[in-house]
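Per-entry structural report
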Amino acid sequence: MLEQVLLVIILGISLIGMLAAYLLAQWVFKKDEGTEQMRYISNAIKEGSNAFLKRQYKTIVVLALALAAVLLIGYGVIRKHETFDPVDSSMAMAFWITLSFVLGAACSLLAGFIGMWVSIRSNIRTAAAAVRSLNESLQVALRAGAVSGLTVVSLSLLGVGGLFWLVQTFTSVDPMRIPFMIVGYGFGASFVALFAQLGGGIYTKAADVGADLVGKVEAGIPEDDPRNPAVIADLVGDNVGDCAGRGADLFESTAAENIGAMILAAVMAVKVPGSTQSWVIGVMMFPLLARAFGILASIVGVLCVGIKEDEEPMSGLNRGFFITAALTIIGLGVASRWLFYIEAAPQAWMHFFAAGIVGVLMSVAFIYITQYYTDYKYRPVLSIAEASQTGPATNIIAGIAVGLESTAPSVIVIAIAILTAYRLGETSGFEHAGLFGTAVATMGMLGTCAYVLAMDTFGPISDNAGGIVEMSDNPEIVRKRTDRLDAAGNTTKALTKGYAIGSAALAAFLLFSAYIDEVKHYGHDIQAVDLAIPSVFVGALLGAALVFLFVALCVKAVGRAAFYVILDVRNQFKEKPGILAGTEKPDYGRCVDIVTKGALKEMILPGLVATLSPVGVGLVFKYHGLGQVSIGPESVASFLMVATIAGILMAIFLNNSGGAWDNAKKYVETGYMGGKGTPTHKAAVVGDTVGDPFKDTAGPSIHVLVKLLSTITLVLAPLFI
């Protein structure tokens, strides 16, 4: 049968992705670890990262198990069995929903752990490779990052495909209804990703802000100076935030979008005249096949990256991305022709193939927009650097303006992509296929996900390598090489955030549509979300307010945790006057421990607010709809819709303003406008510290928030009816 063939291909390619990740890791680990001094610093980073992740994962596991128990009781005991349920008992429904949630959470934790585990063992090898050549150092960092990227996407496919096979094997459920049984997988991944991104983001920025303000501004010492007690905590933060956090983030993206697209495909395909069950199931499996081909494309793209000694690292990274994008398009074409072709609509496959290309082009457009607003080659960042000449206030004003401005072109690209993909689906010859056209565009955009995540992880690995080189007294030429890698890494981290929010925008629309279809599947047909109904309007208002409250909690959390870091660094300078003179060593472990405790404490409140808000809205308006019958699903729909819109705009603003402030500071540090140590530089550092929680804590966490809201509503939709 076609579905069995597809499952073998999808799971087989996923295993190839895992094998490729293993072989790349082996290649990286064969590289030497440099000098004894370099190993000492690397081991301190490794120890701090492991200590944080161990504590963080204990907290997340407790929260996830508590929520799993709630799902099991809610579906198995509280909620009554309905005739439209895919299985024949409440407990069977509860079992599969809870199992998929637990597997999604476990795989998300594993994806984040693998990303960080490889990163903390690759930074020293990247630093040692920089002693020999820029190209070797670049390849070590990128291939180490690719271990994380390939693992994340492969695990996502193995999870969704494996769950599909399990349900099909051990139940008699109609295959087209299986996606409704495994929506918990995306919810589990999103739940873990939110806390992983929150905890890691709070940690990394609290350490970074504390290290910068006391080190650069107050003590006047360089970045990554070994005399700064917070410097190891700062380097640890790059791993737990940008590697473990982002790994979990993009894992949940791929998991949630796969299931949402499968739901839309199943709803759309059954309405096509002349369709057979085998063909319908093939269409439903398209998202998984397209993602599998993306794994192969990413492997080739990573292996093609290489540069000459005088070439910019971003040139090699961009080449790899465009090779990956081109191969992704070819894979989309093959999958579209194979699975969408039907005699009743022979041209339909070309429409969906074109929709997939729209998604790929949107990813490219988002990368260029982000680069324009965050790279110091262009006007926005230069304007912030110029504003720094008149002090911190004008620097901050300019940075806010740049972030606000960047939302307009980003939204225009999203709008064009959604409308074009919708139109292509609508004119494909399939009835009601417009929404599925946008789902295919999402698959196209996420086809390059493994390579993009490799570029993202490349950033913190390069940053750590630069810190190791700086702290171990290597020759100037080595530091120049790692500086070039670090500059490229800053750009790739900014580009990945742009890519992530672009994919979140498409995915949120996809998942919103899947929610409407799922509610209809459970017997409640939402014809329109009418904001003239008071309960529905209030739901929308609460959705927008949630985004602002969530950002406030994230930024305050960084501020509170950074406060303790600053106090500790100041106290260490007082307790050991020889630290600044270079005659005494600071206590790095004490600072790491302080940030760890602060970050884990501060991540709980924003995480719980995000998780419980849509549940509260759905249940309150289910029973108190101000005279309206069954208003819960509509109120949740309006909550979800407006929270998504507000979240996308807020994330774009936070990511781009933060990235622009960071690179404005780096531009001044290259020697322009007076260079390091000048009032202009100090103003730029202040702007950068304001932007840090924007771009590395609140902004990335909103990516997860937007998708978490969608996956929660998908899983709990039956409870709101």
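The structure this text deals with has already been given above.
Attention in this report is confined to the structure presented alongside it. (Residues numbered from 1 in each chain as written. Predicted model: local features only at pLDDT ≥ 70, side-chain atom pairs only at ≥ 80, totals over all residues. Heavy atoms only, no water.)

**Some remarks on the pattern of salt bridges**
Put simply, the rule reads: Salt bridges are defined as contacts in which a side-chain nitrogen from Lys or Arg sits within 4 Å of a carboxyl oxygen from Asp or Glu. The way it works is that DSSP assigns letters per residue, a run of H or I at least four long becomes a helix, a run of E at least two long becomes a strand, and they are numbered from the N terminus. Think of it in three bands: residues with accessible area under 20% of the maximum for their type are buried, residues over 50% are exposed, and the middle band is partly exposed, with areas taken using a 1.4 Å probe on protein chains only.
Counted under the stated rule, the structure contains 20 salt bridges. Put simply, Glu-309 and Arg-481 hold a salt bridge, and the shortest N to O gap is 3.1 Å. Taken together, the residues Glu-309 in the loop between α9 (286-303) and α10 (313-340) and Arg-481 in helix α16 (residues 476-521) connect sequence positions 172 residues apart. When its relative accessible area of 35% is taken as the criterion, Glu-309 is described as partly exposed. The residue Lys-695 makes a salt bridge to Asp-662 at a minimum N-O spacing of 3.5 Å. Within this pair, whereas Lys-695 is found in helix α22 (residues 679-716), its partner Asp-662 is found in helix α21 (residues 632-669), the two being separated by 33 residues in sequence. Asp-662 matches Lys-695 in its accessibility class, with the two residues each being buried. Through salt bridges with shared partners, a single network forms among Asp-662, Lys-665, Lys-666, Asp-688, Asp-692, Lys-695 and Asp-696.

**As for unusual backbone geometry**
Its identity as a non-glycine residue notwithstanding, Met-673 has a phi of 55 degrees, on the positive side. Among the structural elements, Met-673 can be located in the loop between α21 and α22. Accessibility expressed as a relative area gives 25% for Met-673, which makes it partly exposed.

**Brief notes about the packing of helix α17 (residues 534-575) against α22**
Rule in force here: To get an axis, a line is fitted to the C-alpha atoms, and for a helix only the part in contact is used. The angle between two axes follows their N-to-C directions and goes from 0 to 180 degrees. For a crossing to be left-handed, the near helix must be turned anticlockwise from the far one by less than a right angle; the clockwise case is right-handed. Throughout, a residue-residue contact means that at least one pair of heavy atoms, one from each residue, lies within 4.5 Å. Three residue categories are used. Nonpolar comprises Ala, Val, Leu, Ile, Met, Phe, Trp, Tyr, Cys and Pro, charged comprises Asp, Glu, Lys and Arg, and polar comprises the others, including Gly.
In the contact formed by α17 and α22, the axes pass within 10 Å of each other and the chain directions differ by 145 degrees. Like other packed secondary-structure pairs, α17 and α22 cross with a definite hand, here right-handed. Facing Leu-546, Val-547, Phe-550, Val-551, Cys-554, Val-555 and Val-558 of α17, the residues of α22 in contact are Pro-693, Phe-694, Thr-697, Ala-698, Ser-701, Ile-702, Leu-705 and Leu-709. Of the residues that constitute the contact of α17 with α22, the class distribution is 13 nonpolar, 2 polar and no charged.

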